[in-house]
Amino acid sequence: MVASYDDAVAQLYQAPHEAFVAERKRLSAELRAAGDKPAAVRLVKLARPPLSAWAVNQLWWRAGESFQRLFAAATRLRAGD
């Protein structure tokens with residue numbers, strides 16, 4: 001059972017791309033059953049991301065530390081390092 005809208009969104013975007021719609025419906029139903037109808041309605045309106053965006057999301061969830069290093073390196077490059 002999801003605890004909040006934010007938790008539901010996190011679970012949704014970590015789901016397999018082909019399961020996105022079914023997972024969105026499931027999580028929305030859980031929010032509705034928990035009494036948070038506004039969050040359920042908000043969640044069900046989220047669009048399935050393009051495959052490229054989904055892949056980046058997977059990298060973020062599974063290799064977030066590497067992303068942070070990449071962002072830090074980009075900042076240093078922009079600063080002329």
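The preceding data block contains the structure.
Along each chain, numbering runs from 1 in the same order as the chain's sequence is written. At least 70 in pLDDT is required for a residue's local features to be given in this predicted model, at least 80 for side-chain atom pairs to be given and counted, and no such filter applies to totals for whole chains, interfaces and linings, which use all residues. Remark: hydrogens and water are excluded; side-chain values derive from all non-hydrogen atoms of the structure.

S.K.: What is the right way to look at the side chain of Arg-24 in this model?
M.R.: Starting at the N terminus, helices and strands are each numbered in turn, a helix being any DSSP run of H or I of at least four residues and a strand any DSSP run of E of at least two. Within the secondary structure, Arg-24 is located in helix H2 (residues 20-33). When sequence neighbours within four positions are dropped, the list of residues in contact with Arg-24 reads Leu-12, Leu-43, Val-44, Leu-46, Ala-47 and Arg-48. A contact between two residues is defined here by any heavy atoms of the two lying within 4.5 Å.

S.K.: What is the right way to look at the environment of Arg-32 in this model?
M.R.: For Arg-32, the position within the fold is in helix H2. Note on exposure labels: buried denotes an accessible area under 20% of the residue type's maximum, exposed denotes more than 50%, and partly exposed covers the range between, all computed with a 1.4 Å probe on protein chains only. Judged by its relative accessible area of 42%, Arg-32 is partly exposed. Once residues lying within four places of it in the same chain are set aside, the contact partners of Arg-32 are Lys-37, Ala-40 and Val-41.

S.K.: What am I meant to see in the environment of Pro-50 here?
M.R.: Within the element layout of this structure, Pro-50 appears in the loop between helix H3 (37-44) and helix H4 (51-62). Of the residues examined, Pro-50 reaches a relative accessible area of 52% and is grouped as exposed. Considering only alpha carbons, one finds Pro-50 and Lys-25, 25 residues apart in sequence, at a separation of 18 Å.

S.K.: Hey, could you run me through the packing of aromatic side chains in this one?
M.R.: Ring pairs are drawn from Phe, Tyr and Trp, using the six-membered ring of Trp, whenever the two centres fall within 6.5 Å, and their geometry is named by plane angle: stacked under 30 degrees, edge-to-face over 60, tilted for the rest. Enumeration according to the criterion identifies four aromatic pairs in this entry. Each ring, one from Tyr-13 and one from Phe-20, has its centre 5.6 Å from the other, and the planes form 50°; the classification is tilted. Of the two residues examined, Tyr-13 and Phe-20, each falls in the buried class. Measuring from centroid to centroid gives 6.3 Å for Trp-60 and Phe-71, while their planes differ by 35°, and the two rings are tilted. Taken together, the positions of Trp-60 in helix H4 and Phe-71 in helix H5 (residues 64-78) put the pair 11 residues apart, joining distant regions of the chain. Residue Phe-71 is classed as partly exposed on the basis of its relative accessible area, which comes to 41%. One aromatic cluster is present, built from ring pairs that chain together Trp-60, Phe-67 and Phe-71.

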